[in-house]
Amino acid sequence: MNALSIPTWIIHISSVIEWVVAISLIWKYGELTQNHSWRGFALAMIPALISALSACTWHYFDNPQSLEWLVTLQATTTLIGNFTLWAAAVWVWRSTRASGVLNISNKE
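Residues numbered from 1 in each chain as written. Predicted model: local features only at pLDDT ≥ 70, side-chain atom pairs only at ≥ 80, totals over all residues. Heavy atoms only, no water.

- An unreviewed UniProt entry annotates the protein as Ycf49-like protein of Cylindrospermopsis raciborskii C07.

This is the structure we're talking about:
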């Protein structure tokens, strides 16, 4: 018997799939709009994907002590991913603000 139940596996696997699809769609959006910050955002999502794959791999092999380094990898890539996504979000915000796509002002 595996460490995770089938419903939990379904959630894990579907989350990884949706993350890959999101990366792909955001990359394509960046190409369509010619806004490189969106492609940067897609690349910034990769550490979180590595984190998810690390967790799935560790659980797939029933959480053995010999693969505990995957837990460290997951934590590290989660931390890195949080920072890269923050930086990418700032880049997207600045690029849309500079292009006039997003016009936020206090003027009436």
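Digging into the packing of helix H3 (residues 46-60) against helix H4 (residues 69-99)
Turning to step 1, where the next piece is worked out: Relative to each other, H3 and H4 sit at 160°, their axes nearing to 7 Å. One finds that H3 runs roughly antiparallel with respect to H4. H3 and H4 meet at a crossing whose hand is left-handed. From H3, Pro47, Ala48, Ile50, Ser51, Ser54, Ala55, Thr57 and Trp58 reach across to H4, where they touch Leu70, Val71, Leu73, Gln74, Thr77, Thr78, Ile80, Gly81 and Thr84.
Turning to step 2, where the next piece is worked out: Across the contact of H3 with H4, the residue classes break down as 9 nonpolar, 8 polar and no charged. (Axes fitted to C-alpha atoms, helices over the stretch in contact; angles between N-to-C directions. Helix = DSSP H or I, 4+ residues; strand = E, 2+ residues; numbered from the N terminus. Parallel < 35°, antiparallel > 145°, perpendicular 65-115°, else oblique. Left-handed = near helix turned anticlockwise from the far one by under 90°. Contact = heavy atoms within 4.5 Å. Nonpolar A, V, L, I, M, F, W, Y, C, P; charged D, E, K, R; others polar.)

Thoughts on the side chain of Ser95
Turning to step 1, where the next piece is worked out: Mapped onto the elements of the fold, Ser95 is located in helix H4.
Turning to step 2, where the next piece is worked out: On the accessibility criterion, Ser95 (18% relative accessible area) is buried.
Turning to step 3, where the next piece is worked out: Not counting residues up to four positions away in its chain, the partners in contact with Ser95 are Asn35 and Ser37. (Buried < 20%, exposed > 50% of the residue type's maximum accessible area, 1.4 Å probe, protein only.)

Observations concerning H3
Turning to step 1, where the next piece is worked out: If you check H3, its first and last C-alpha atoms are 21 Å apart, about what 15 residues at 1.5 Å a residue would give, namely 21 Å.
Turning to step 2, where the next piece is worked out: Where H3 is buried, its residues contact helix H1 (6-33), helix H2 (36-44) and H4.
Turning to step 3, where the next piece is worked out: Immediately downstream of H3, the backbone of Asp62 shows phi near 65°, a positive value. (Expected span 1.5 Å × (residues − 1).)

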